[in-house]
Amino acid sequence: MPASPSTARAINDRLALRLLQQDGPLTAAQLKTLTGLSRPTVADLVERLQDAGLIHVVGESGAVRRGPNAKLYGIVADRAHLAALDVRTGSVSVVVADLLGTTLAEATLPIDGDTGTGPAVDRAVALLERTAREAGSVPLHSVGIGAPGLIDPATGELRDSSGLPAWHRGLVRVLQQRLPATVLVENETNLAAVAEHRAGAALDRETFVLIWLGQGIGAAVMLDGKLRQGASGGAGEIGFLPVPGVAGLPSAVDCEGGFYSLAGSAAVCELAARHGVELPGGVASEAAAVAAVRTALAAGERGEPFLDELADRLTLGAAAVVSVLDPGCVLLAGAVGEAGGAPLAARVEERLAVMSPLRTEVRAGSLGDGAVLRGALLTARDAAQDALFAPGG
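Rules used in this analysis
Residues numbered from 1 in each chain as written. Predicted model: local features only at pLDDT ≥ 70, side-chain atom pairs only at ≥ 80, totals over all residues. Heavy atoms only, no water. Axes fitted to C-alpha atoms, helices over the stretch in contact; angles between N-to-C directions. Helix = DSSP H or I, 4+ residues; strand = E, 2+ residues; numbered from the N terminus. Left-handed = near helix turned anticlockwise from the far one by under 90°. Contact = heavy atoms within 4.5 Å. Nonpolar A, V, L, I, M, F, W, Y, C, P; charged D, E, K, R; others polar. Expected span 1.5 Å × (residues − 1). Buried < 20%, exposed > 50% of the residue type's maximum accessible area, 1.4 Å probe, protein only. Pairing = 2+ DSSP bridges. Core = buried A, V, L, I, M, F, W, Y, C linked by side-chain atoms within 4.5 Å. Disulfide = S-S within 2.5 Å. Parallel < 35°, antiparallel > 145°, perpendicular 65-115°, else oblique.

In this section: the packing of helix H2 (residues 28-35) against helix H3 (residues 39-51). In contact at an axis separation of 9 Å, H2 and H3 are set at 120 degrees when each is read in the N-to-C sense. In this structure, H2 meets H3 at a crossing whose hand is right-handed. Judged by residue contacts, Ala28, Leu31, Lys32 and Thr35 of H2 engage Arg39, Val42 and Val46 from H3. Residue composition of the contact of H2 with H3, grouped by class: four nonpolar, one polar and two charged.

Structure follows, in structure tokens:
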């Protein structure tokens, strides 16, 4: 059935707004070309969107002939503010941006492991509120939160997970109760995949798997441009994958004995020490694992034995994913994946080609640790635009 006039207008408005958000500012003539709509239709939608306070004139094009079509239209970026939170085991980071994603304020706060649930939640909430005030007086419309652990696909809530701080769930609940904004929570690795897909190393891929290499281990599955969370929100819990080369097996509450024991930061540090790669401070941590990989890369031939064995380990996890999903592309992301870069990715790709008949490209993620915040901000922006760009929004 043909769309009603009001539905057609809404579709055209959303199309124009998306183009202005992605490619703007644009003239009316450019909108006409990009949308394929008639000149009168474009003139009507421009007037409609201006009256709604969603777009405004931001300048003029370089056209020789002046006139209405020479005006450049852009999104009213301060129509709404957005926030993104990256909630880690021992810290929380916040960024506040406008509707176009321009960062207005940001901050990070460490939270010690012995901090009680209530004080930890209060500090994290205060950090968000303070950062939002620094960004200006525009209220928050949407907040995206990236956190480790499982997100219930039915309720969108962060599930209680052993080994993770209780304040994580408390923070999400308090923000949902206290803020007038829309609060969305997603697994941190899934958000990293969203960011790499839309602004990073997977721009040209609709199907890929991202393997997050950092303090913890995780994977995100992107199929046909959509995240796949699984029946219980646990798709990509690759840290629990049973693998050879470790003692014992993982359990339902502990990933020791799984792929985590081969590729988590502690395991990478242990491997580096065994190969004589010095660790800063001699302490196993994500930062030490990153430093070890970078040191090995800089050492040339002396670093190759460590890098080769690390690639052997990573290939075990990648091969399991490839054999089930055949994604065609695997990203090694997170702080350790970024540190390894193209050289580590090439080693894993070579080993995959020997182990699996399924041709798979292996790339390094390009956004590093910042991918989680970037993905959370993109999620918040999508939610705001869905609401504001809708008829009557």
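Next comes the rest of the description.
Turning next to helix H5 (residues 167-178). For H5, which comprises 12 residues, the first-to-last C-alpha distance of 16 Å matches the rise-based estimate of 16 Å (1.5 Å per residue) to within 8%. Three or more residues of H5 are buried, namely Trp167, His168, Gly170, Leu171, Val172 and Leu175. As for H5, its buried residues are in contact with strand E4 (81-87), strand E5 (91-98), helix H4 (117-135), strand E7 (140-147) and strand E8 (182-187).

A word on the sheet that holds strand E11 (residues 226-227). With mixed pairing, five strands are arranged side by side in an open sheet as E11-E10-E9-E12-E13. In this open sheet, the two strands that pair with only one neighbour each are E11 and strand E13 (361-364). Note: strand E9 (residues 208-213) against strand E12 (residues 329-333), four bridges, orientation parallel. The residue of E12 that forms the bridge with Trp212 is Ala333. Where helix H6 (residues 188-199) meets the sheet, it contacts E9, strand E10 (217-223), E11 and E12, and its direction lies at approximately 50 degrees from that of E10.

This paragraph deals with the environment of Val183. Within the fold, Val183 resides in strand E8. In sequence terms Val183 and Ala380 are 197 residues apart; their C-alpha atoms lie 8.1 Å from each other. With residues near it in sequence (within four places) discarded, Val183 still touches Val143, Ile145, Leu175 and Gln176.

So, about the nonpolar core. Membership of the largest hydrophobic core comes to 44 residues, with the highest contact counts inside it found for Phe306, Leu314 and Leu332. Elements represented by at least two residues in this core include exactly E9, E10, helix H7 (260-263), helix H8 (265-274), helix H9 (286-298), helix H10 (304-325), E12 and helix H11 (334-355). For this core, the element with the highest residue contribution is H10, accounting for nine residues. Those residues within four positions of Leu314 in sequence are excluded, and the remaining contacts are Leu213, Phe259, Ala263, Leu332, Leu344 and Val348.

On inspection of all chains with the given rule, the structure shows zero disulfides. In this structure Cys255 is not part of a disulfide, and its nearest cysteine sulfur, from Cys269, lies 16 Å away.

What follows deals with the packing of H6 against helix H12 (residues 371-388). Look at H6 against H12: their axes get within 7 Å of each other, and the N-to-C directions meet at 80 degrees. For the element pair H6 / H12, the angle class is roughly perpendicular. Contact residues: H6 offers Glu188, Leu191, Ala192, Val194, Ala195, Arg198 and Ala199, while H12 offers Ala371, Val372, Arg374, Gly375, Ala376, Leu378, Thr379, Arg381 and Asp382. Its residues assigned to classes, the contact of H6 with H12 shows nine nonpolar, two polar and five charged.

Turning our eyes to something else, we now look at unusual backbone geometry. In this structure, Asp224 takes a positive phi of about 55 degrees despite not being glycine. Considering the arrangement of structural elements, one finds Asp224 in the loop between E10 and E11. A relative accessible area of 59% means that Asp224 is categorised as exposed. Although it is not a glycine, Asp326 adopts a positive phi angle of roughly 45 degrees. Structurally, Asp326 can be placed in the loop between H10 and E12. When its relative accessible area of 43% is taken as the criterion, Asp326 is described as partly exposed.

What follows deals with H10. For H10, built from 22 residues, the straight-helix expectation of 32 Å at 1.5 Å per residue is met to within 8% by its first-to-last C-alpha distance of 30 Å. Here H10 has its buried residues at Phe306, Leu307, Leu310, Ala311, Arg313, Leu314, Thr315, Gly317, Ala318, Ala319, Val321 and Val322. Considering only its buried residues, H10 is in contact with E9, H7, H8, H9, E12 and H11.

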